[in-house]
Amino acid sequence: MQTLIQRAQKGNCSAMTSLFDQSKSQVIFLCQVLLADEKSADNAVTTVYKRLWEDIVEKRIGPNDDFTDIAIHKAVVHCKARLTRKNKKAFRIPANLNFAVSFDADKMYFYGDTCETILYNLPALHRFIYILHGAFNFSDDEIGKLLSLSPKAIQRALEAESQNIDRIVTIAIRKTGAPLSINTGFFHKELLEKLENTPVPNAVLSVIDMSIQNVCAPVQKKCKRIKIQITSAAIAFVAVISIIVCISIATENASSDISSDTDAGETGDVSEENDGAADSDITSASEITPTHYAYITIQDYGTITVALDGNSAPETVENFVSLAESGFYDGLTFHRIIDGFMMQGGDPNGDGTGGAENTITGEFSENGYENDLSHTRGAISMARSEDYNSASSQFFIVQEDHTELDGNYAVFGYVTDGMDIVDSICSDAEPTDDNGTITSDQQPIITSITVAAAENTDVSTDAA
């Protein structure tokens, strides 16, 4: 029996609607309380599901994946990115990990119920941690991964939760005169009740329905075309078999009275040049043998894990590893981003004109090197000028398949975890031209790139 995801992959609208129904409460609630703005929340919900539908039809979400869990994580990443665009300091860790907040009563908001008063007066970082922990029971590791925080920082934040709630309630009582009484346990209970009773805005329902129709229509058309082709091929095959059978019967009848004089030594053996199906090109992390793993941490977004293939591109990987270990990339940016294509970074000048001290050989077929790695979603490849051997430090991560680049640029690995981060960065980008130029103040910052040898690393490859 097919799963909902398998049916949705074939363009089944009702299957996608069912996936939306089973996850909508969590996603809508998250976007509403994390963004603390109704209009922004509605836009966030529709954007998140649009990406989810695309991931399904492109089979980046597998039939056995937990769709709701994926939707929740994607919603958190998207909301974090939206708030970061408005305020670069929104998720900055407090000095000395002091998460106890000194609230300014004159700048606070007092509307809605007590739970809403608390939520909308908490700093964004605190709000994310408390909601993920209190309403979704996320582990410290999950929260740390989503928000790029250490376990110690999360622990300190949770320790300060009760104190922050008490301070907000005390100020609210003084400002409004309302008899409020709430503690951490009651706050978590209120969050769960809101989660269970989250209404779905009509505007969101309308846009979601439209997005499902838009993504399913071309898939259904493609499936119908394939069915027609298969049916035609089957009819043709039956016709050919029928002809062969008829010829065979006629030949047997014609030759039944003729003795064979074929020389036993002339058997007509032919060696097959194509024995079986051709090997498919390597296109993803699951099909390479990594020599290293790189961890690219991007400020306000999180960490992208990349499997590096030093077998297919040895000089490229050696150069990248050397630069990363020297700290060359720390503090550099992604200066060129095109949604649906790629994000490019690693330039010390921040404008595409710079690089490291040394250049390397272009390890791709047009330059005489055998490299079967393809520019599919999640590929990491080296940027260069017209000179085939001009690459140095600049690299790009491919967001969607662009195999037309194969043979002209050196792919040297694939993202194994963090393509949702790549999607968020590409979606959030606001280039100033068609070339994907990002202004310096809007360029995502590479906090660090660390590298570990594959034999010393236990990393499972997730579908990107």
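All of the points below concern the structure found in this document. Only a predicted model underlies this, so the values are computations on that prediction, with no experimental measurement involved. (Residues numbered from 1 in each chain as written. Predicted model: local features only at pLDDT ≥ 70, side-chain atom pairs only at ≥ 80, totals over all residues. Heavy atoms only, no water.)

A word on the overall build of the protein chain
- Helix and strand content of the protein chain: 13 helices and 8 strands.
- Across the 464 residues in the protein chain, those meeting the buried criterion constitute 45%.
- A separation of at least 24 residues holds for 74% of the contacts in the protein chain among residues at least 6 apart in sequence.
- Total accessible area computed for the protein chain in this model is approximately 23700 Å², and 48% of it derives from carbon and sulfur atoms. (Helix = DSSP H or I, 4+ residues; strand = E, 2+ residues; numbered from the N terminus. Buried < 20%, exposed > 50% of the residue type's maximum accessible area, 1.4 Å probe, protein only. Contact = heavy atoms within 4.5 Å. Areas by Shrake-Rupley, 256 points an atom, 1.4 Å probe, with all protein chains shown as cover.)

Some remarks on the packing of helix H6 (residues 124–134) against helix H7 (residues 140–147)
- It is at 10 Å that the axes of H6 and H7 come closest, and there the two elements cross at 145°. In this structure, H6 crosses over H7, and the sense of that crossing is right-handed. Between H6 and H7, the contacting residues are Leu-125, Phe-128, Ile-129, Leu-132 and His-133 on the first element and Ile-143, Leu-146 and Leu-147 on the second.
- Residues that form the contact of H6 with H7 fall into these classes: 7 nonpolar, 1 polar and no charged. (Axes fitted to C-alpha atoms, helices over the stretch in contact; angles between N-to-C directions. Left-handed = near helix turned anticlockwise from the far one by under 90°. Nonpolar A, V, L, I, M, F, W, Y, C, P; charged D, E, K, R; others polar.)

Some words on the sheet that holds strand S8 (residues 446–453)
- The sheet built from 8 strands is open, its strands ordered S3-S4-S6-S5-S7-S2-S1-S8 with antiparallel pairing. Only two strands of the sheet have a single neighbouring strand rather than two, namely strand S3 (334–338) and S8. Between one strand axis and the next, the sheet turns by 25° as a mean value, whatever way the strands run.
- Where strand S5 (residues 379–382) meets strand S7 (residues 411–417), 3 bridges bridge the pair, whose relative direction is antiparallel. (Pairing = 2+ DSSP bridges.)

Let's talk about the state of the cysteines
- By the definition in use, this model includes 0 disulfides.
- Take Cys-79: it sits in no disulfide, and the sulfur closest to it among the cysteines is that of Cys-31, at 3.8 Å.
- Cys-79 sits in the buried class, given a relative accessible area of 0%.
- With no disulfide of its own, Cys-216 has Cys-13 as its nearest cysteine by sulfur position, at a separation of 3.6 Å. (Disulfide = S-S within 2.5 Å.)

Focus: the nonpolar core
- Trp-53 and Phe-67 are the most contacted members of the largest nonpolar core, which has 77 residues in total.
- Discounting residues that sit within four places of it in the chain, Phe-67 has contacts with Ile-5, Leu-19, Gln-22, Ser-23, Tyr-49, Leu-52, Trp-53, Ile-56 and Ile-61. (Core = buried A, V, L, I, M, F, W, Y, C linked by side-chain atoms within 4.5 Å.)

A short note on unusual backbone geometry
- Phi at Lys-59 takes a positive value of approximately 60°, unusual for a residue other than glycine.
- If you trace the backbone, Lys-59 turns up in the loop between helix H3 (38–57) and helix H4 (67–86).
- Judged by its relative accessible area of 59%, Lys-59 falls in the exposed class.
- Even without being glycine, Asn-96 reaches a positive phi, approximately 60°.
- Relative to the elements of secondary structure, Asn-96 occurs in the loop between H4 and helix H5 (114–121).
- Judged by relative accessible area, which is 73%, Asn-96 ranks as exposed.

Brief notes about the side chain of Asp-347
- Tracing the sequence through the fold places Asp-347 in the loop between strand S4 (342–345) and S5.
- We note that Asp-347 is buried and unpaired, the nearest opposite charge coming from Arg-336 at a distance of 11 Å.
- Setting aside chain neighbours within four positions, we find Asp-347 in contact with Leu-332, His-335, Gly-352, Thr-353, Gly-354, Gly-355 and Gln-394. (Lys, Arg positive; Asp, Glu negative; His and termini not counted. Salt bridge = Lys/Arg side-chain N within 4 Å of Asp/Glu carboxyl O.)

Here we look at H6
- Across the 11 residues of H6, 10 count as buried, placing the element largely inside the fold.
- Those residues of H6 that fall on the buried side of the exposure criterion are Ala-124, Leu-125, His-126, Arg-127, Phe-128, Ile-129, Tyr-130, Ile-131, Leu-132 and Gly-134.

Regarding the environment of Tyr-414
- Relative to the helices and strands, Tyr-414 resides in strand S7.
- For the pair Tyr-414 and Thr-376, spaced 38 residues apart in sequence, the C-alpha to C-alpha distance is 8.7 Å.
- Within the structure, Tyr-414 has its side chain in polar contact with the backbone oxygen of Ser-374 (distance 2.8 Å). (Polar contact = N/O pair within 3.5 Å; in protein donor to acceptor, adjacent residues only side chain to side chain.)

A short note on the pattern of salt bridges
- Applying the stated criterion to the full structure yields 11 salt bridges.
- Measuring nitrogen to oxygen at the nearest pair gives 2.8 Å for the salt bridge that ties Asp-55 to Arg-60. The pair Asp-55 / Arg-60 is uniform in exposure class, with both members buried.

Some words on the environment of Gln-443
- Looking at the secondary structure, you find Gln-443 in the loop between helix H13 (419–428) and S8.
- For Gln-443, a relative accessible area of 7% gives the class buried.
- A sequence separation of 12 residues divides Gln-443 from Pro-431, and the C-alpha atoms of the two residues are 9.8 Å apart.
- There is a polar contact of 2.9 Å between the side chain of Gln-443 and the backbone oxygen of Ile-438.

On their own, these measurements won't tell you what the molecule is for.
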